[in-house]
Amino acid sequence: REKTEQVARSMAPQFRERSVSLEKEDVADGRFSISNEHFTSVLSNLLSNALKYTPPGGTVAISSKWDEQAKELILRVRDSGVGIAPEDQKRIFDKFVQIKHRDASTPGSVGLGLAIVREIALRYHGGVELESALGKGSTFTVRFKVQRVPEMEKDLLAVSNNEASTL
Ligand code: ADP
């Protein structure tokens, strides 16, 4: 959660500048066994794409949740932007693939962002899903198989409650 807020804060000026609103919905609480760098890289790539492909006045929303059963951290970035045609939805995750949009310019980009996102998700035995319709926006869902790391206090409490831990 803190990391999510940090990334969102750091990108807030760019969103303001383009008049796209950046919303945080439910964000998973707790610590997870994913490196800060990996998490930041996934989230900032998705956010900068969402911003790039959402016209002024649009909305980008971040949410995340912890699925206890599946042991998965699920991160979702939704935008109200230009959307991605069905025939392009698979290949945008490939390296160096860029789709030309009529109203979006992509200066300085090379088509690696989503390939990196997928690579990182796979490293955590997860994956990326995309739901999108042209003109309606896109939702990227990234799953990471991680562990939820107990908070320090809870951890200590667990140890003191455990009979076997009288070391
Ligand atoms: P880049 O942003 O450098 O072009 P990416 O790998 O991040 O490369 O994205 C590949 C392509 O996927 C982009 O060229 C764009 O057409 C499409 N794309 C990515 N994110 C979005 C989005 N949120 N909305 C619409 N199209 C997107």
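Residues numbered from 1 in each chain as written. Predicted model: local features only at pLDDT ≥ 70, side-chain atom pairs only at ≥ 80, totals over all residues. Heavy atoms only, no water.

## Things to note about the overall build of the protein
In step 1: Counting its secondary structure elements, the protein contains 4 helices and 7 strands.
In step 2: Element order for the protein, N to C, with α for helix and β for strand: α-β-β-α-β-β-α-β-β-β-α.
In step 3: Taken across its 167 residues, the protein has 41% of its residues classed as buried.
In step 4: Of the contacts made within the protein by residues no fewer than 6 positions apart, 68% connect residues no fewer than 24 positions apart.
In step 5: Just so you have it, the protein exposes about 10,200 Å², and 50% of that area is on carbon and sulfur atoms. (Helix = DSSP H or I, 4+ residues; strand = E, 2+ residues; numbered from the N terminus. Buried < 20%, exposed > 50% of the residue type's maximum accessible area, 1.4 Å probe, protein only. Contact = heavy atoms within 4.5 Å. Areas by Shrake-Rupley, 256 points an atom, 1.4 Å probe, with all protein chains shown as cover.)

## A look at the packing of helix H1 (residues 2–17) against helix H2 (residues 36–52)
A packed helix pair is summarised by two numbers, namely the angle formed by the two axes and the spacing between the axes.
In step 1: Relative to each other, H1 and H2 sit at 30°, their axes nearing to 10 Å. Relative to H2, H1 is oriented roughly parallel. Crossing geometry of H1 relative to H2 is assigned as right-handed. Each of Lys 3, Thr 4, Val 7, Met 11, Gln 14 and Phe 15 in H1 lies in contact with H2, whose residues at this interface are Asn 36, Phe 39, Thr 40, Leu 43, Ser 44, Leu 47, Ser 48 and Leu 51. (Axes fitted to C-alpha atoms, helices over the stretch in contact; angles between N-to-C directions. Parallel < 35°, antiparallel > 145°, perpendicular 65-115°, else oblique. Left-handed = near helix turned anticlockwise from the far one by under 90°.)

## Examining the site of the ligand
In step 1: In the vicinity of the ligand, 21 residues are found, and the nearest of them are Asn 49, Lys 52, Asp 79, Gln 98 and Gly 111.
In step 2: Here a nitrogen atom of the ligand sits 2.8 Å away from a polar atom, N or O, in the side chain of Asp 79.
In step 3: One of the backbone nitrogen or oxygen atoms of Gly 113 is found 3.3 Å away from an oxygen atom of the ligand.
In step 4: Expressed as a share of its isolated accessible area of 530 Å², the protein-covered part of the ligand is 98%.
In step 5: For the shell around the ligand, the elements supplying multiple residues, two or more each, are H2, helix H3 (113–123) and strand S6 (137–145).
In step 6: Per-element accounting of the shell around the ligand gives the leading share, 3 residues, to H2.
In step 7: When grouped by side-chain class, the residues that make up the shell around the ligand number 11 nonpolar, 8 polar and 2 charged. (Near = heavy atom within 4 Å. Polar contact = N/O pair within 3.5 Å; in protein donor to acceptor, adjacent residues only side chain to side chain. Nonpolar A, V, L, I, M, F, W, Y, C, P; charged D, E, K, R; others polar.)

## Focus on H2
In step 1: For H2, built from 17 residues, the straight-helix expectation of 24 Å at 1.5 Å per residue is met to within 8% by its first-to-last C-alpha distance of 24 Å.
In step 2: The complete set of buried residues in H2 reads His 38, Phe 39, Val 42, Leu 43, Asn 45, Leu 46, Leu 47, Asn 49, Ala 50 and Leu 51.
In step 3: Of the surrounding elements, those touching the buried residues of H2 are H1, strand S1 (21–24), strand S3 (59–67), strand S4 (72–79), H3 and S6. (Expected span 1.5 Å × (residues − 1).)

Keep in mind these numbers describe shape, not what the thing actually does.
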